[in-house]
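If you want the building blocks of each chain, they are given just below.
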Amino acid sequence: MASEDVKATESAVSKIVNLAEEAKLAREGVKAPSYAFLSICKSLVAGGVAGGVSRTAVAPLERLKILLQVQNPHNIKYNGTIQGLKFIWRTEGFRGLFKGNGTNCARIVPNSAVKFFSYEEASKGILYLYQQQTGNEDAQLTPLLRLGAGACAGIIAMSATYPMDMVRGRITVQTESSPYQYRGMVHALSTVLREEGPRALYRGWLPSVIGVVPYVGLNFAVYGSLKDWLIKSKPFGLAQDSDLSVTTRLACGAAAGTVGQTVAYPLDVIRRRMQMVGWHNASSIVTGDGRSKTSLQYSGMIDAFRKTVKYEGFGALYKGLVPNSVKVVPSIAMAFVTYEVVKDILGVEIRISD
């Protein structure tokens, strides 16, 4: 009995010591390895859910935007947001509005997961270096530092999932009259790899990298800065108890999306056009049936810019901007809010505005 009492006492003491150690780690801002891993998983899940929900909600506008970006200028089939959506509904039905969305979700879920997680980790690293450099342990992220963290996150996420984005663009512009049909993402990836080589999967990567810096960077910078400003200044009673309502966070996300997409949009157009290069069985939307039956060939990003402006004018760099503007505002807003709501549900600390 005595030995059992001793063992029970030792077990209790051990538990108390462990609890004390965990409390000490928590006070020092250090998470136990198992907790840290669980937090990472929850963060990735939250980012993935945010991406899937936001993209599915605006899938018809996303498809129309891409069709407007790459359609042959000598054979205009889509001429505006309302007309374009009606044309898709009339010629392809309800399913046509969501063509390519499955591939887009398969891409955007890991993309968003990696992007949000990378942003949080980059933010912590940049903030630590900034605090060390300034000697101020209470220093917070500035808008410029958030821009840098967002840019890093965008480049990492985009590069990791770019092949899926490339084939998603091609699947999206397919119609029933296309001479060759990709049957899905895996079939499209294998076909492009076999017929055009591995480099084809990264066509348009450079303008994507250049564009993702202002786009994702400004998204995070504007969103985080607006949240901080509203919480600190509390204008019009929008912030209560150091928190913002879902509606206010939606507005912050909408503002962030508007700024980011307007600055980076021409690079998005060039990226899409470069992705179509080498597609010998291209959709009739791309090749058309007018004066020019084949799409232009581009030797690189600069050449794509030059030929687009030369043959179609400067306005061609903003083709599809209207449906994209209608799409990107609710999409970005829903992505940020869904991410934070899911993290709240999963019990993960929110750090976007840290």
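For the structure itself, consult the block above.
Only a predicted model underlies this, so the values are computations on that prediction, with no experimental measurement involved.

Caption draft 1: Representation of the overall build of the protein chain within the structure. In terms of helices and strands, the protein chain carries 12 helices and 2 strands. Going from N to C terminus, the protein chain has its helices and strands arranged as α-α-α-α-α-α-α-α-β-β-α-α-α-α. Within the protein chain, the proportion of its 354 residues that are buried is 49%. Residue pairs in contact within the protein chain that sit at least 24 positions apart in sequence constitute 77% of those at least 6 positions apart. Carbon together with sulfur atoms contributes 64% to the accessible area of the protein chain, which is approximately 17300 Å² in total.

Caption draft 2: Structural detail: empty space enclosed by the protein. The final tally for this structure, using the stated rule, is 3 cavities of 30 Å³ or more. The calculated volume of the largest cavity comes to roughly 650 Å³. Around the largest cavity, the lining is made up of 40 residues, and of these Arg55, Val212, Tyr215, Val216 and Arg271 lie nearest the centre. Top element by residues in the lining of the largest cavity is helix H8 (residues 205-233). It accounts for 8 residues. A per-class count over the lining of the largest cavity returns 17 nonpolar, 12 polar and 11 charged.

Caption draft 3: The packing of aromatic side chains, seen in detail. What the rule picks out here adds up to 7 aromatic pairs. Both rings, one in Tyr162 and one in Tyr202, keep their centres 5.7 Å apart while their planes meet at 20°; by these two values the pair is stacked. Of the two residues, Tyr162 sits in helix H6 (residues 143-173) while Tyr202 sits in the loop between helix H7 (185-196) and H8, which places them 40 residues apart along the sequence. Among the residues examined, Tyr162 registers a relative accessible area of 1% and is labelled buried. Judged by centre distance (6.1 Å) and plane angle (50°), the rings of Phe314 and Tyr318 are tilted.

Caption draft 4: Looking closely at the environment of Gly315. Following the sequence through the fold, Gly315 ends up in the loop between helix H11 (301-312) and helix H12 (321-346). C-alpha of Gly315 to C-alpha of Pro266: the two residues are 49 residues apart in sequence and 9.5 Å apart in space.

Caption draft 5: Molecular detail of the nonpolar core. Counting 26 residues, the largest nonpolar core has Tyr78, Val173 and Val192 as its most contacted members. Examining the composition of this core, we find that 6 residues originate from one element, H6, more than from any other. Among all residues touching Tyr78, those that are not within four sequence positions of it are Leu64, Leu67, Leu68, Gln71, Gln83, Gly84, Phe87, Ile88, Glu92, Thr175 and Ile285. Within the second largest apolar cluster, 22 residues are counted, among which are Phe116, Val212, Tyr215 and Ala264.

Caption draft 6: Geometry of the pattern of salt bridges. Tallied over the entire structure, the rule returns 19 salt bridges. Residue Lys65 pairs with Asp268 through a salt bridge whose shortest N-O separation is 3.2 Å. Of this pair, Lys65 sits in helix H3 (residues 59-70) while Asp268 is found in helix H9 (residues 246-276), placing the two residues 203 residues apart along the sequence. Neither Lys65 nor Asp268 differs from the other in exposure class; each is buried. For Glu312, the salt bridge goes to Arg273, with nearest N and O atoms at 2.6 Å. Of this pair, Glu312 sits in helix H11 while Arg273 sits in helix H9; the two residues are 39 residues apart in sequence, bridging distant segments of the chain. By relative accessible area, Arg273 is classed as buried at 7%.

Caption draft 7: Region of interest: H3. For H3, with 12 residues, the first-to-last C-alpha span of 17 Å sits near the 16 Å given by 1.5 Å per residue. Counting buried residues along H3, 12 of its 12 residues qualify, which places the element largely inside the surrounding structure. Residues Ala59, Pro60, Leu61, Glu62, Arg63, Leu64, Lys65, Ile66, Leu67, Leu68, Gln69 and Val70 constitute the buried set of H3.

What counts, and where the lines are drawn
Residues numbered from 1 in each chain as written. Predicted model: local features only at pLDDT ≥ 70, side-chain atom pairs only at ≥ 80, totals over all residues. Heavy atoms only, no water. Helix = DSSP H or I, 4+ residues; strand = E, 2+ residues; numbered from the N terminus. Buried < 20%, exposed > 50% of the residue type's maximum accessible area, 1.4 Å probe, protein only. Contact = heavy atoms within 4.5 Å. Areas by Shrake-Rupley, 256 points an atom, 1.4 Å probe, with all protein chains shown as cover. 1 Å grid on protein atoms, 1.4 Å probe; cavity = no way out; pocket = protein on both sides within 12 Å on 5 of 7 lines; lining within 4 Å. Points joined across faces, edges and corners; volume = space filled by probe spheres on them. Nonpolar A, V, L, I, M, F, W, Y, C, P; charged D, E, K, R; others polar. Phe/Tyr/Trp six-rings, centres within 6.5 Å; stacked < 30°, edge-to-face > 60°. Core = buried A, V, L, I, M, F, W, Y, C linked by side-chain atoms within 4.5 Å. Salt bridge = Lys/Arg side-chain N within 4 Å of Asp/Glu carboxyl O. Expected span 1.5 Å × (residues − 1).

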